[in-house]
Amino acid sequence: MELQLLIDKWDEIKEIVTKETETSVIAFNTWLKPLEIYDIVDDTVYIIYSEDSESRMIALIEKKYKLIFKNVIKDITGNRYDIKIILPDEALNINSSHKTNKNINNNDNNYINNNNYIDSNLNPKYTFSTFVVGGNNKFAQGTAYTVAEAPGEVCNPLFICGGPGLGKTHLMHAIGNQIMENDNNMKVLYVTAEEFTNEVIECIKNSRNKQNNDMTYFREKYRNADVLMIDDIQFFVNKESSQDEFFNTFNKLHTSGKQIIISSDKMPNEIEGFDDRYITRFEQGITAEIKIPDYETRVAIIRNKIENKNAYFPDDVIDYIATNIKSNIRSIEGAINKLIAYSNLENTDITIDNAKDLLDSIISPEKPKEITPQLIIEVVCEHYGVTIDQLISKNRSQNIIRPRHVAMYLCTQETDCSQDTIAKLLDRKDHSTIINARDNIIERLKTDSELQNQIDTIKKKIYSN
Ligand code: ADP
Ligand code: MG
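A quick note: this is a predicted structure, and the numbers were derived from the prediction, not measured.

**Let's talk about the overall build of the chain**
Counting its regular elements, the chain contains 23 helices and 8 strands. With the principal axes as the frame, the chain shows a C-alpha extent of 75 × 55 × 45 Å. Within the chain, contacts between residues at least 6 apart in sequence are counted, and of these 71% link residues at least 24 apart. When the 54 positive and 71 negative side-chain charges of the chain are each reduced to one mean point, those points stand 4 Å apart.

Structure (structure tokens):
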């Protein structure tokens, strides 16, 4: 059977495609590695992109690789198949093309069909109903929902922050979708800081050749919004023109009571390279941090995702994923999609053994990271804004002693190194200095909750990838 032939030769096919297109390792890992043969239906070979992605990326992969896949597959099978690259969601569609499929887009809300919606750049997939709430994101979700129900009235600006893959973008789209569902005349505009920057650059470039109409149009577009969402504003760091443009828009909208929602991978006071005035402006609204989900929340998210995809995983598989993928929900989704794609393809149930096998490449990179004193020192220095030289110097000023003691304390708590080794690394005579520093911090932690917060944040940074 040709399907089996393609499955058997799939790695070989990808290798040929990689070679012929001179695809780099990064491009291979991003685009080709997640591709799996899914099915042959009529004259079409369906290739599934087994990780979480979006249709724009799939379009790009198709553009780059479709023709070459077509040719290589023709050489192998002798048939000239059409090639279609699809997302896992669409795969379920193909599987059940004769049944009604309520799973694919249960969004029959007509608010998404109007022009206003199309201009908003919102993704209808990301709603509050698909967002699982747990202790790690309860506050953020609650605040987001409040903003959605009363845009511009409270919590303005709303600043959502947290590590990668924890749901910032999802929440922003959820707010936008909810606002437009309530009132589809609202002008909601979602943009990533990167896209915004590209638009600014484009405007500046064009303004050299002709009249500055582009800039006028650009400004109008953003300044007419009722709700403006800018995702991943850490991208603005060191991009002055874009930063200025953004803040002019920000001020204009904020003073007219329009809602602004911003996301970043850091808390406002941790962002470097932004004018302090702006940080203060952010802090005038509400900051909602999304933290890493605990085990129970991870299980709830996994159950929710597999239910939405009409799949079934035994409990030990769910436990395996929840135990091994902790800090990024995007990776959890990638694991789920991979297992579902496999089970559809092989027409088999998922068991813990094949789950372990299939998820090796996703889970192994998250193997407990080795925590070394060097890493701790680097993170502590970055956190407190001191240099490594200052930290290991004999300087006794208060703003150096604190980071130094914290570094010594964390080295004793988070690594297996002996106190003598730590002393040597920090250029101290012997272990007694280290013990004193450690005890000093332990004692302070009993009453100083700010220090506790600092140490928690530093630990989070140490353990994040
Ligand atoms: P971020 O913008 O913080 O990097 P995303 O919002 O893109 O993260 O989330 C990554 C993926 O994880 C998305 O597919 C999103 O739907 C999913 N996700 C994140 N948090 C949740 C949650 N609480 N419930 C359900 N899915 C979630
Ligand atoms: Mg995001």
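**Examining the pattern of salt bridges**
All told, the structure shown has 15 salt bridges when counted by the stated rule. Here Lys19 ties to Glu15 by a salt bridge, and the two come within 3.7 Å at their closest N and O atoms. Of this pair, Lys19 and Glu15 both sit in helix H2 (residues 10-20), 4 residues apart, which is roughly one turn of the helix. For Lys19, a relative accessible area of 61% translates into the label exposed. A salt bridge links Arg277 to Asp275; the shortest N-O distance between them is 3.0 Å. Under the relative-accessibility criterion, Asp275 is labelled partly exposed at 31%.

**Focus on the site of ligand 1**
What surrounds ligand 1 is a group of 18 residues, the closest being Gly165, Thr169, His170, Lys305 and Glu333. One of the side-chain N or O atoms of His170 is found 2.7 Å from an oxygen atom in ligand 1. The set of elements that each furnish at least two residues to the shell around ligand 1 consists of helix H8 (168-182) and helix H15 (329-346). Considering only residue class, the shell around ligand 1 consists of 6 nonpolar, 7 polar and 5 charged.

**Examining the nonpolar core**
One finds Leu158, Leu171, Ile175, Val188, Met229 and Ile261 to be the most contacted residues of the largest nonpolar core, which totals 28 residues. Contributions of two or more residues to this core are made by helix H7 (138-149), strand E4 (158-162), H8, strand E5 (188-192), strand E6 (227-231) and strand E8 (286-290). Sorting elements by how many residues they give to this core places H8 first, with 6 residues. Ignoring any residue separated from it by four or fewer positions in sequence, one finds Val188 in contact with Ser120, Leu122, Gly176, Ile179, Met180, Val227 and Met229.

**So, the sheet that holds strand E7 (residues 259-264)**
The 5 strands lie next to each other as E5-E6-E7-E4-E8, forming an open sheet whose pairing is parallel. The sheet terminates laterally at E5 and E8, the two strands that pair on one side only. The sheet shows a mean angle of 15° between the axes of neighbouring strands, taken without regard to direction.

**What about the side chain of Asn156?**
In this fold, Asn156 is placed in the loop between H7 and E4. Judged by relative accessible area, Asn156 falls into the buried class, the value being 14%. Here Ile260 takes part through its backbone nitrogen, which lies 2.9 Å from a polar atom of the side chain of Asn156.

**What about the sheet that holds strand E1 (residues 35-41)?**
With respect to topology, 3 strands assemble into an open sheet ordered E1-E2-E3, the strand pairing being mixed. Lying at the two open borders of the sheet, with one neighbouring strand each, are E1 and strand E3 (82-86). Neighbour-to-neighbour, the strand axes of this sheet turn through a mean angle of 25°, independent of strand direction. Of the pairings in the sheet, the one linking strand E2 (residues 44-49) to E3 comprises 5 bridges and is parallel in character. When the bridges of E3 are listed, Tyr46 appears paired with Lys84.

Thresholds applied
Residues numbered from 1 in each chain as written. Chains lettered and ligands numbered in written order. Predicted model: local features only at pLDDT ≥ 70, side-chain atom pairs only at ≥ 80, totals over all residues. Heavy atoms only, no water. Helix = DSSP H or I, 4+ residues; strand = E, 2+ residues; numbered from the N terminus. Contact = heavy atoms within 4.5 Å. Lys, Arg positive; Asp, Glu negative; His and termini not counted. Charge placed at Lys NZ, Arg CZ, Asp CG, Glu CD. Salt bridge = Lys/Arg side-chain N within 4 Å of Asp/Glu carboxyl O. Buried < 20%, exposed > 50% of the residue type's maximum accessible area, 1.4 Å probe, protein only. Near = heavy atom within 4 Å. Polar contact = N/O pair within 3.5 Å; in protein donor to acceptor, adjacent residues only side chain to side chain. Nonpolar A, V, L, I, M, F, W, Y, C, P; charged D, E, K, R; others polar. Core = buried A, V, L, I, M, F, W, Y, C linked by side-chain atoms within 4.5 Å. Pairing = 2+ DSSP bridges. Axes fitted to C-alpha atoms, helices over the stretch in contact; angles between N-to-C directions.

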